[in-house]
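So the chains spell out like this:
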Amino acid sequence: MTWFALYIAIAWLVRLTMIPVILRRQMAPGASIAWLGIIFLHPYIGVILYLFLGETRLGPHRVERHKEIVAIFRKATRDSTSATGTYENLDLPLRYEPMVRQAERISGFPVLGGNQFELLRAVDEMMRRLIADIDAAVGQVHLLYYIYADDAIGGPVAEALARAAGRGVNCKLLLDAVGARAVLQRDGLAARLTQAGVSVAAALPAHVLQRRLPRMDLRNHRKLAIIDEKIAYVGSHNLINPDYGGCPVGPWVDLSARIVGPAVAELAAVFAEDWAFETEQLLPVAPPAMETNVPAESISSLLQIVPTGPIDPNATYRRVLLAAIQSAHASLTLTTPYFVPDEPTLVSLLMAADRGVKVALILPARPDHAFTAAAGRAHFSRLMEGGISIYLYRPGLLHAKTVVVDDALAIFGSANLDVRSFNLNFELSVLIYGREAVAPLNQVQANYLADSHLLSLDEWSRRSTIRRYVDSAISLLSPLL
């Protein structure tokens, strides 16, 4: 009885102690309630989970260091474009000014004209082009990826890096410590690349025994390649086979872009920031070349680069997304593999439908994460009743992350429509302005819609009662997923 009484007493001490700890964080009400619920239900398990997942923490002094690094690179970019790249000097319709200013407030990067981008859907085509550009590189190759595997996709890219390093090209490879952990092991592909002359570093390594534990699931989710600071690849492709090692839901369907133009300098600055954050090495980054050699037959596109992460709660991908949703007048189409929206996002989508915007949400018919899928399904009835169309993509796992507003404003990149991308992951998005420039992405979304099943409210209402309750119960944990 003495040990049992001690067990109960400590449990209540944990509960009472964690109340001010969680309230001090000033999280969203849903997240605070979810954490308090877990801790009161089982305080011992709850407090352990909170230590690892509750605090948005990178580790001692790393937040301050990240802000200092970002200030260095983004100030240099702003200063170099202040004369020619300001909003007022661009041929941009007035209606986009709030979106441009919102994105610049979040990222520190201005919108830049004179860019050429080419969308790449098939992973084979994407990797063929990337390897060709690496083989043609003369100065530097910088790659940043969340997942890298030593397989039929990652292997040839590694061989291209080794060839480039062998002819004197400065090659750097930055990989997320969790997403690419197999490659980063002592006897993995990274070790062989290091021997070949490629500089390899791990992003956001999480060591359990560090003082003031860093949060283990803060990840660098960006996908980025920079070649000679003239060509960039950005989007949702990881360096891995499209079956992701035998994923049972079918091939992953991704979307990336090859970019040439002034925006490449902003993307190069993003890589330099992440590299300096992990290695403390400051890389030289050339200012945006405002005079570009975009072919006459190509569309000269207005692009804006928006990196986001957990450093500043006022500079998140959620704010970019909400600004885009609020700017919609006629149509809004979104694709995402993971749909775990918070209340502000849900309300913004419903408000868009209320004012007559045709809102379409395209999701995978067969998701790969049961918990996140269930949390998203819990909102389907509310969304469909509000006039939002939900399409389920059938050919595979739709992993492309896109937003198209009124066929004239678009967002694509690495960010999902979930709480992780809103608050936890380091993400990278590209904003596109103008109907001609957005047209290719609009066509890609049309192809996704053609391969999708439109979910009806009547069909959805026939699902089992048990499944409804399971989805609703899991949705209570949405702020923590």
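The rules we used
- Residues numbered from 1 in each chain as written.
- Predicted model: local features only at pLDDT ≥ 70, side-chain atom pairs only at ≥ 80, totals over all residues.
- Heavy atoms only, no water.
- Helix = DSSP H or I, 4+ residues; strand = E, 2+ residues; numbered from the N terminus.
- Contact = heavy atoms within 4.5 Å.
- 1 Å grid on protein atoms, 1.4 Å probe; cavity = no way out; pocket = protein on both sides within 12 Å on 5 of 7 lines; lining within 4 Å.
- Points joined across faces, edges and corners; volume = space filled by probe spheres on them.
- Nonpolar A, V, L, I, M, F, W, Y, C, P; charged D, E, K, R; others polar.
- Buried < 20%, exposed > 50% of the residue type's maximum accessible area, 1.4 Å probe, protein only.
- Polar contact = N/O pair within 3.5 Å; in protein donor to acceptor, adjacent residues only side chain to side chain.
- pLDDT = per-residue confidence, 0-100.
- Core = buried A, V, L, I, M, F, W, Y, C linked by side-chain atoms within 4.5 Å.
- Patch = residues over 30% accessible without salt bridge, like charges linked within 9 Å, V, L, I, M, F, W, Y side chains within 5 Å.
- Areas by Shrake-Rupley, 256 points an atom, 1.4 Å probe, with all protein chains shown as cover.
- Salt bridge = Lys/Arg side-chain N within 4 Å of Asp/Glu carboxyl O.
- Axes fitted to C-alpha atoms, helices over the stretch in contact; angles between N-to-C directions.
- Parallel < 35°, antiparallel > 145°, perpendicular 65-115°, else oblique.

1. Overview of the overall build of the protein
Helices and strands together make up the secondary structure of the protein, namely 18 helices and 19 strands. Pairs at least 24 apart in sequence give 81% of the contacts found in the protein among residues at least 6 apart.

2. Thoughts on empty space enclosed by the protein
Scanning all chains against the criterion turns up 4 cavities of 30 Å³ or more. Put simply, the largest cavity is a space of about 90 Å³. Each residue belonging to the lining of the largest cavity can be placed in one class, and the counts come to 8 nonpolar, 7 polar and 1 charged.

3. Some thoughts on the side chain of Ser 421
With respect to the helices and strands, the residue Ser 421 is situated in helix H15 (residues 419–424). Here Ser 421 falls in the buried class, since its relative accessible area comes to 1%. Within the structure, Ser 421 has its side chain in polar contact with the backbone nitrogen of Asn 416 (distance 2.8 Å). Within the structure, the side chain of Ser 421 is placed 2.7 Å from the side chain of Glu 427, a separation counted as a polar contact.

4. Focus on the side chain of Asn 425
Mapped onto the secondary structure, Asn 425 falls in the loop between H15 and strand S18 (427–433). A polar contact of 3.3 Å, which involves the side chain of Asn 425, links it to the side chain of Glu 427.

5. Considering the confidence of the model for the protein
Of all residues in the protein, 87% have pLDDT values of 70 or greater, and the mean over the chain is 87. Confidence drops under a pLDDT of 50 for residues 209–213, and excluding neighbours within four residues, the segment shows 8 contacts in the predicted structure. Contacts from residues 292–297, a stretch scored under 50 in pLDDT, to residues over four places away or in other chains number 8 contacts.

6. Focus: the nonpolar core
Counting residues in hydrophobic clusters, the biggest one holds 51 residues, and the most contacted among them are Leu 224, Ile 259, Ile 432 and Tyr 448. Ignoring sequence-local partners within four residues, the contact set of Ile 432 consists of Phe 117, Leu 302, Leu 303, Ala 408, Leu 409, Ala 410, Phe 412, Ala 437, Val 438 and Leu 441. Val 100, Ile 106, Val 320 and Tyr 433 belong to the second largest nonpolar core, which has 48 residues in total.

7. A word on unusual backbone geometry
At Leu 204, a position not held by glycine, the phi torsion is positive, near 55 degrees. Located in the positive-phi region is Glu 280, a residue other than glycine, with phi close to 65 degrees. Topologically, Glu 280 is positioned in the loop between helix H10 (263–279) and strand S9 (301–308). Taking the relative accessible area as the measure of exposure, Glu 280 reaches 62% and is therefore exposed.

8. A short note on a nonpolar patch on the surface
Together, Phe 4, Tyr 7, Ile 8, Trp 12, Leu 16 and Phe 40 make up an exposed nonpolar region whose accessible area comes to about 610 Å². Broken down by element, the residue count for the nonpolar patch peaks at 5 residues, all from helix H1 (residues 2–25). Looking at the secondary structure, you find Phe 4 in helix H1.

9. With respect to the packing of helix H13 (residues 370–377) against helix H18 (residues 465–475)
At their nearest, the axes of H13 and H18 sit 7 Å apart, and the two run at 100 degrees to each other. Compared by their axis directions, H13 and H18 come out roughly perpendicular. Contact residues: H13 offers Phe 371, Ala 374, Ala 375 and Arg 377, while H18 offers Arg 467, Asp 471, Ile 474 and Ser 475. For the contact of H13 with H18, a count of residues per class yields 4 nonpolar, 1 polar and 3 charged.

10. Structural notes on the pattern of salt bridges
All told, the structure shown has 14 salt bridges when counted by the stated rule. Where Asp 471 meets Arg 377, a salt bridge forms, and the shortest distance between an N and an O atom there is 3.0 Å. Of this pair, Asp 471 sits in helix H18 while Arg 377 sits in helix H13, placing them 94 residues apart in sequence. Both residues of the pair, Asp 471 and Arg 377, count as buried. Taken together, the salt bridges that share partners define one network made up of Glu 118, Glu 125, Arg 128 and Arg 129.

11. Brief notes about the packing of helix H11 (residues 317–326) against helix H12 (residues 343–354)
Helix-helix packing is characterised by the crossing angle of the two axes and by the distance between the axes. The geometry of H11 relative to H12 is characterised by a closest axis approach of 9 Å and an angle of 10 degrees between their N-to-C directions. The angle between the axes of H11 and H12 places the two elements in the roughly parallel class. Judged by residue contacts, Arg 318, Leu 321, Leu 322, Ile 325 and Gln 326 of H11 engage Pro 344, Thr 345, Ser 348, Leu 349 and Ala 352 from H12. Of the residues in the contact of H11 with H12, the class split is 6 nonpolar, 3 polar and 1 charged.

12. Points about the layout of surface pockets
What the second largest pocket holds in volume is close to 500 Å³. Contributing to the lining of the second largest pocket are 20 residues, with Tyr 146, Tyr 338, His 369, Thr 372 and Arg 420 lying nearest its centre. By residue number, the principal contributor to the lining of the second largest pocket is H13, which donates 3 residues. Here the lining of the second largest pocket is built from residues that sort into 8 nonpolar, 7 polar and 5 charged.

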